[in-house]
Amino acid sequence: MTPTPSVPVTEEVLVIDMGAQYAQLIARRVREAHVFSEVVPHTISAAEIAERRPGAIIISGGPKSVHVEDSPRLDPAIYDLGVPILGICYGAQLIASQLGGTVARSGAGEYGRTKMEPIAQVESRLLDSSSGTDGSSTVWMSHFDAISELPPGFCATASTPGAPVAVLENSERRTYGVQFHPEVIHTDGGQQIIERFLHEIAGLSAEWTMEAFIESAVAQIRQQIGDGHAICGLSGGVDSAVAAALVHRAIGDQLTCVFVDTGLMRKNEGDQVIETFNEHQGIELIHVEAGEKFFGRLAGLTDPEDKRKAIGELFIRVFEEARDSVSDAKFLVQGTVYPDIIESGTAHASTIKSHHNVGGLPEDLDFELVEPLRDLFKDEVRAVGSELGLPDEIVWRQPFPGPGLAVRIIGEVTPEKVALLQEADAIVREVLRDNGLEREIWQSFAVLPDIRTVGVMGDERTYGHPVIIRAVTSEDAMTADWARIPYDVLEIMASRVINEVPGINRVAYDITSKPPGTIEWE
Ligand code: XMP
């Protein structure tokens, strides 16, 4: 019998993270289908899910085999909630094994592009001819085990050489599994499969749009802040700018922005921020010159996490001081976005680095946080910014980390090193802009390592600093690739940096993607 939910479902999709590399990517794909989605840990219970009443569940892949003793499993009652389920890779195997089928250690495994054939006699709801997935197709595989026996009530609708059950379906239960990864672009029609599951099988409408997001965020912000006052730190990056504009839409003059000039900003950044927000957007802005404080606090610190935490804490202290001049604001608006949360470490993801606004917050924080963008990816933040009418220079500004140039100076941070780096960084970005590459590059900047190198200039020996140019392409900063900047553009950057910035005598280009690197050097 089909279990039916007893209460109306929401339009939210829960992506259950079984330890996958791709859980966030699945959530993004769902949102691209205009359905809101959130990633939740696999320890979530059926009761917790029932309370959230999701419109559908997607079970992600994961690195373990279902045969391993400590492999993550789901509360089995989840399968009986009557919520449509799609399992991907390990998620599909888990469905098979928890509902009475068999997963065999095939011994062969399939990795990368694989040809998949439909099973002719069986009608598929997931792989519809109109979705372009009928007939053989190329899918992206990454599995070792394979489903060998179906659970009762399921049928197999496609197979590959290494996976006799590449797709399993039970339309009565509305439970489906795919051994391949529909979320990666290498799977033909992968997005259509996800959309068929969401819209046709789960019956979810495509209503998650940025206008809808703004409307509900504004309502939530008004409810949270009431007639109180909030302050918002502007860092020069796009996230805090969009958060400020959104909160300003919700509460108008109850918001005061604080621009803390840490002395660690990019060249001329302070002036640009003040001009855009205060003069063009009409948002009240307090400008705090805090360079000396930050340099004082950073003196002697060389460990990246120590630097990040020191900056995170000092930011808050400076805000606390600024608050006294803002009719006692109790709320602090932050432009925290989804990747900040994930990377700062959750119960199920390890800490990569403490983003100053998440893991770097002091324990005795005396503010209630307002973080309206915490569920959004960067491209969604940009869409919200445009929708709110922010100018392109702000919306399309490259992301800039809150701790600023401090995480691009390896070792101790001093005003002299910052001045050097500001000049080099400005040249790198200017050359990129002049060559029309700014939009396709996610971030481009210079890094100052804590070493010196020997060179020769004008027949004289030099012993100066090298600068490393870092430029990456990315969709959301969760993963990134080093940008293939044309050699002649790199050459202009390198010669201008060496000629125009005294003290720099060498330029290197970083060709590390993320993973294994991160975008910033610290
Ligand atoms: P990583 O270096 O972790 O950076 O690959 C991912 C993205 O986040 C930015 N970033 C930060 N943003 N506060 C921020 O607001 C931070 O502490 C922080 N650290 C890194 C980074 O520039 C990249 O866009």
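Conventions we followed
Residues numbered from 1 in each chain as written. Predicted model: local features only at pLDDT ≥ 70, side-chain atom pairs only at ≥ 80, totals over all residues. Heavy atoms only, no water. Helix = DSSP H or I, 4+ residues; strand = E, 2+ residues; numbered from the N terminus. Buried < 20%, exposed > 50% of the residue type's maximum accessible area, 1.4 Å probe, protein only. Contact = heavy atoms within 4.5 Å. Areas by Shrake-Rupley, 256 points an atom, 1.4 Å probe, with all protein chains shown as cover. Salt bridge = Lys/Arg side-chain N within 4 Å of Asp/Glu carboxyl O. Axes fitted to C-alpha atoms, helices over the stretch in contact; angles between N-to-C directions. Parallel < 35°, antiparallel > 145°, perpendicular 65-115°, else oblique. Nonpolar A, V, L, I, M, F, W, Y, C, P; charged D, E, K, R; others polar. Core = buried A, V, L, I, M, F, W, Y, C linked by side-chain atoms within 4.5 Å. Domains from an automatic or database assignment. Pairing = 2+ DSSP bridges. Disulfide = S-S within 2.5 Å. Phe/Tyr/Trp six-rings, centres within 6.5 Å; stacked < 30°, edge-to-face > 60°. Lys NZ or Arg CZ within 6 Å of the ring centre and 35° of its normal. Buried area = accessible area lost by both parts, 1.4 Å probe. Polar contact = N/O pair within 3.5 Å; in protein donor to acceptor, adjacent residues only side chain to side chain.

Draft legend 1. Local environment of the overall build of the chain. Of regular secondary structure, the chain possesses 14 helices and 21 strands. Overall, the chain is about 75 × 65 × 40 Å in size when its C-alpha atoms are taken along their principal axes. Burial status across the chain gives 56% buried among its 522 residues. For the chain, contacts bridging at least 24 residues in sequence account for 75% of all contacts bridging at least 6. Total accessible area on the chain is roughly 21900 Å²; 49% of this is exposed by carbon and sulfur atoms.

Draft legend 2. Representation of the pattern of salt bridges in the model. Evaluated as defined, the whole model comprises 28 salt bridges. Ionic pairing is found between Glu-371 and Arg-374, a salt bridge with its closest N-O pair at 2.3 Å. A salt bridge links Glu-500 to Arg-496, with the shortest nitrogen-to-oxygen separation between them at 2.7 Å. Placement of the pair is Glu-500 and Arg-496 together in helix 14 (residues 487-500), with a separation of four residues, close to one helical turn.

Draft legend 3. Just the packing of helix 5 (residues 210-225) against helix 11 (residues 378-387), in detail. The geometry of helix 5 relative to helix 11 is characterised by a closest axis approach of 10 Å and an angle of 80° between their N-to-C directions. Judged by the angle between their axes, helix 5 and helix 11 are roughly perpendicular. Here Met-210, Glu-211, Phe-213 and Ile-214 of helix 5 come into contact with helix 11, specifically with Glu-380, Ala-383, Val-384 and Glu-387. Considered class by class, the residues forming the contact of helix 5 with helix 11 number five nonpolar, no polar and three charged.

Draft legend 4. Local environment of the nonpolar core. Core analysis: the biggest nonpolar cluster contains 50 residues, and Leu-264, Phe-294, Phe-319, Ile-485 and Met-493 have the highest contact counts within it. Listed by contribution, the elements that provide at least two residues to this core are strand 13 (255-261), helix 8 (291-298), helix 9 (304-323), helix 13 (415-434), strand 19 (460-474) and helix 14. A domain split of this core shows at least three residues from each of domain 2 (210-395) and domain 3 (408-509). Discounting residues that sit within four places of it in the chain, Met-493 has contacts with Ile-427, Val-428, Val-431, Leu-432, Ile-469 and Ile-485. Among the nonpolar cores identified, the runner-up in size contains 43 residues, and Trp-208, Val-273, Ile-283 and Leu-388 belong to it.

Draft legend 5. Structural detail: the sheet that holds strand 1 (residues 12-17). Taken in spatial order, the nine strands of this open sheet run 2-1-3-4-11-10-9-6-7, and their pairing is mixed. The sheet is open, and its two edges are formed by strand 2 (36-41) and strand 7 (137-143), each paired on a single side. Pairs of neighbouring strands in the sheet enclose a mean axial angle of 30°, with direction left out of account. Pairing geometry for strand 1 and strand 3 (residues 56-59), over four bridges, is parallel. Its bridge partner being in strand 3, Leu-14 is matched across the sheet by Ile-57. Against the sheet, helix 1 (residues 23-32) engages strand 1, strand 2, strand 3 and strand 4 (85-88), with an angle of about 160° to strand 2.

Draft legend 6. Layout of the state of the cysteines. Counting across every chain of the model gives zero disulfides. As a non-bridged cysteine, Cys-257 has Cys-232 as the owner of its nearest cysteine sulfur, 4.6 Å distant.

Draft legend 7. The arrangement of the sheet that holds strand 12 (residues 230-234) in detail. What the five strands build is an open sheet, ordered 14-13-12-15-16; its pairing is parallel. The two strands at the open ends of the sheet, each matched to only one other strand, are strand 14 (285-289) and strand 16 (368-370). Here the strands of the sheet are splayed against their neighbours by 30° on average, with no regard to which way each runs. Two elements, strand 15 (residues 331-333) and strand 16, share three bridges in a ladder whose sense is parallel.

Draft legend 8. Summary view of the packing of aromatic side chains. One pass over the structure, following the stated rule, counts seven aromatic pairs. Both rings, one in Tyr-338 and one in Phe-377, keep their centres 5.3 Å apart while their planes meet at 90°; by these two values the pair is edge-to-face. Taken together, the positions of Tyr-338 in helix 10 (residues 338-343) and Phe-377 in the loop between strand 16 and helix 11 put the pair 39 residues apart, joining distant regions of the chain. Each member of the pair, Tyr-338 as well as Phe-377, carries the same accessibility label: buried. Through successive ring pairs, a cluster of aromatic residues spans Phe-36, Trp-208 and Phe-213. Residue placement shows Arg-28 over the ring face of Phe-377; its charged tip is 5.1 Å from the ring centre.

Draft legend 9. Focus on the domain arrangement of the chain. Along its sequence, the chain is carved into domain 1 (12-201), domain 2 (210-395) and domain 3 (408-509). The C-alpha-based centres of domain 2 and domain 3 are spaced at 27 Å. Taken together, the 20 residues of domain 2 in the interface contact 19 residues of domain 3. Carbon and sulfur atoms supply 59% of the area that domain 2 and domain 3 bury against each other, a total of about 1500 Å² over both sides. Of all residues in domain 2, Arg-266, Lys-267 and Phe-295 bury the most surface against domain 3, accounting for 34% of the area lost on that side. Counting every contact that joins domain 2 to domain 3 gives two salt bridges. Where domain 2 meets domain 3, there are six residue pairs in polar contact (both at pLDDT 80 or more).

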